[in-house]
Amino acid sequence: MTNVGVVGAGVMGTGVAQDLAHHGHRVVLVDNNADALDEALAKIELDCRMSRMLGGPAIDAEAVLAQITVGTSLDLLAETEVVIENITENWDLKSALYKQMDVACKADTVFVANTSAIPITKIGALTSRPDKVMGVHFMNPVPMKTACEFIPGYHTSEQTKDTVRALLDSIGKKAIPVNDASGFVSNRVLMLTVNEAAFLVHEGVADAKTVDEVFRSCFGHPMGPLETADLIGVDTILYSVEVLYEQFNDSKYRPCPLLKKMTDAGLHGRKSGKGFYTYQSMG
Amino acid sequence: MSNDARTEIRTFITTKFPDVTFSDEEDIFALGFVNSLFAMELVMFIEKAFGTRIPNEELHLGNFRSVALMADLVARQTSAAVG
Ligand SMILES: NC(=O)c1ccc[n+]([C@@H]2O[C@H](COP(=O)([O-])OP(=O)(O)OC[C@H]3O[C@@H](n4cnc5c(N)ncnc54)[C@H](O)[C@@H]3O)[C@@H](O)[C@H]2O)c1
């Protein structure tokens, strides 16, 4: 059992906290927005209750929730051995946070960055412990996914890799090692695909449903790119494409204006109840 | 009660899937348009719309296969709450 801090209780942090708690780890879940913490606990409870119905194992929601402590202060991370960071994909927010975590945590606490596209070496450089900073690109929804990208930064030590690999093993995640580069393997390809799919809607070539239908019926994909955008978060897609654009200075990563408009309008996908499609919200 | 529940549940489903037609007794999962996300939305909708919390032992697909079965589930929950 490991004492794990999870920072950011949005789509990813909620899934990571649930998965760790379900596998017996102690979890401290921190978000600077108290409402996000309430929603995270409600989502974890519902997910556990629904598990058996959706073909998974029966999960005792109360036992899972009992493993999780929540709060808005980084001081709660003082005793953690590993901290998994899942805040908004925004360089200014992340850079401020890593500097604060560097102070709030013990010197030997390992930091795991769950980012969509920011290079891990760049994140490591924010701290006094670049050897203890590792990238893990979890897949969404975390409790249902059995693999992740495993991305050491330039200075990441073997010991840090071992610690993180062991933690991933304990929650049944296969770690696929890839080298550090913006977007890693998955999002170099996926974000461009989703961005281009948004352009098709933006230009009126097809509506969202039709774009997804082509991917489902012609390619046999279980979900089309715009359903996937709603699952990930339309805002997160935009921020990730923006990071790729900044990192490579290549115009092929120009973000689709429709993604910007949807993000500004609060059409963030499943998590906000509306994106390319409409959903029943938790609230 | 049960008829009202049927109407509300049917409206919820058809708002989401306007192109699909099905009877109250038909297995909506067998029709193939209901996925796991929608199953979760159905549970959230029923709990919210009928002000009930479905107990764990009732949370299985068998209770959500058709509009009629869901309305029966609602009736059981609300009568349990009253009685
Ligand atoms: N959504 C996905 O499918 C996915 C997959 C893999 C990786 N990621 C990455 O994971 C990270 C989180 O993404 P998400 O989809 O969960 O985002 P989200 O928008 O759902 O949640 C972000 C959370 O971070 C919180 N937050 C922001 N600044 C904070 C701070 N300084 N301190 C504490 N909490 C703070 C917000 O309140 C919010 O609850 C991003 O870097 C994203 O790129 C996302």
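The numbering scheme is per chain: residues are counted from 1 as the chain's sequence reads. Ligands are numbered from 1 and chains lettered from A, in the order in which they are written. This being a predicted model, a pLDDT of at least 70 is required before a residue's local features are given, and a value of 80 or more before pairs of side-chain atoms are given or counted; all residues contribute to the totals for chains, interfaces and linings. The basis for every side-chain value is the complete set of non-hydrogen atoms in the structure, without hydrogens or water.

Under an unreviewed UniProt entry, the name given to chain B is Carrier domain-containing protein, and the source organism is Lentzea cavernae.

(A) Region of interest: the overall build of chain A. Helix and strand definitions follow DSSP, with helices as H or I runs of at least four residues and strands as E runs of at least two, each counted in order from the N terminus. Tallying secondary structure elements over chain A gives 11 helices and eight strands in all. Both definitions apply: the radius of gyration is a C-alpha atom measure, and the globule rule equals 2.2 Å times residues to the power 0.38. Taking 19 Å as the expected radius of gyration for a compact globule of 283 residues, we find that chain A reaches 18 Å, a close match to that expectation. Exposure categories follow from relative accessible area, calculated using a 1.4 Å probe and restricted to protein chains: below 20% of the type maximum is buried, above 50% is exposed, and the middle band is partly exposed. Counting across all 283 residues of chain A, residues that qualify as buried make up 51%. Relative to all contacts within chain A whose residues are 6 or more apart in sequence, the contacts with residues 24 or more apart total 66%. Put simply, chain A shows about 12500 Å² of open surface, and 53% of that area lies on carbon and sulfur atoms. Here Asp and Glu are counted as negative and Lys and Arg as positive; His is not counted, and neither are the chain ends. A charged residue contributes its charge at one atom only: NZ of Lys, CZ of Arg, CG of Asp or CD of Glu. Averaging the positions of the 25 positive and the 35 negative side-chain charges in chain A gives two centres separated by 3 Å. Contacts are assigned to residue pairs with any non-hydrogen atoms lying within 4.5 Å of each other. What sets the accessible areas is the Shrake-Rupley method with a 1.4 Å probe; for residues, cover comes only from the shown protein chains.

(B) Looking closely at the pattern of salt bridges. Salt bridge criterion: a side-chain nitrogen from Lys or Arg within 4 Å of a carboxyl oxygen from Asp or Glu. Enumeration over the complete set of coordinates arrives at 20 salt bridges over all chains. Close ionic contact of Glu-47 of chain B with Arg-49 of chain A constitutes a salt bridge, the shortest N to O distance being 2.7 Å. Of this pair, Glu-47 of chain B sits in helix α2 (residues 36-49) while Arg-49 of chain A sits in helix α2 (residues 34-50), each in a different chain. In this structure, Asp-162 of chain A and Arg-165 of chain A form a salt bridge, with 3.4 Å as the shortest nitrogen-oxygen distance. In this pair, Asp-162 of chain A and Arg-165 of chain A are both assigned in helix α6 (residues 158-170), three residues apart and thus about one turn of the helix distant. Each member of the salt-bridge network shares a partner with another, and the members are Arg-6, Arg-10, Asp-24 and Glu-25 of chain B.

(C) Representation of the packing of helix α1 (residues 11-22) of chain A against α2 of chain A. All names here are of chain A. Working convention: axes come from line fits to C-alpha atoms, limited for helices to the stretch in contact. Angles between N-to-C directions cover 0 to 180 degrees. The contact between α1 and α2 brings their axes to 10 Å, and the two run at 55°. Between α1 and α2, the angle is such that the two are oblique. The chirality of how α1 crosses α2 is right-handed. Facing Thr-14, Ala-17 and Gln-18 of α1, the residues of α2 in contact are Ala-40, Lys-43, Ile-44, Asp-47 and Cys-48. Charged means Asp, Glu, Lys or Arg here, nonpolar means Ala, Val, Leu, Ile, Met, Phe, Trp, Tyr, Cys or Pro, and polar covers whatever is left, Gly included. Classifying every residue of the contact of α1 with α2 gives four nonpolar, two polar and two charged. Convention used here: angles under 35 degrees read as roughly parallel, angles over 145 as roughly antiparallel, angles from 65 to 115 as roughly perpendicular, and any remaining angle as oblique. Handedness of each helix crossing follows the sense of rotation of the near helix against the far helix: counterclockwise by less than a right angle gives left-handed, clockwise gives right-handed.

(D) Summary view of the site of the ligand. All names here are of chain A. Consider each residue's heavy atoms; a residue with any of them within 4 Å of a molecule or strand counts as near. Close to the ligand lie 24 residues; Met-12, Asp-31, Glu-89, Lys-94 and Ser-116 are nearest. Residues adjacent in sequence count toward polar contacts only when both atoms are side-chain atoms; beyond that, a polar contact is any pair of N or O atoms within 3.5 Å, and within protein one must be able to donate a hydrogen and the other to accept it. One of the side-chain nitrogen or oxygen atoms of Ser-116 is found 2.5 Å away from an oxygen atom of the ligand. Contact between the ligand and Asn-140: an oxygen atom at 3.0 Å from a side-chain N or O atom of the residue. In isolation the ligand exposes 840 Å². Once the protein is present, 89% of that is buried. Across the shell around the ligand, the residue classes tally to eight nonpolar, 12 polar and four charged.

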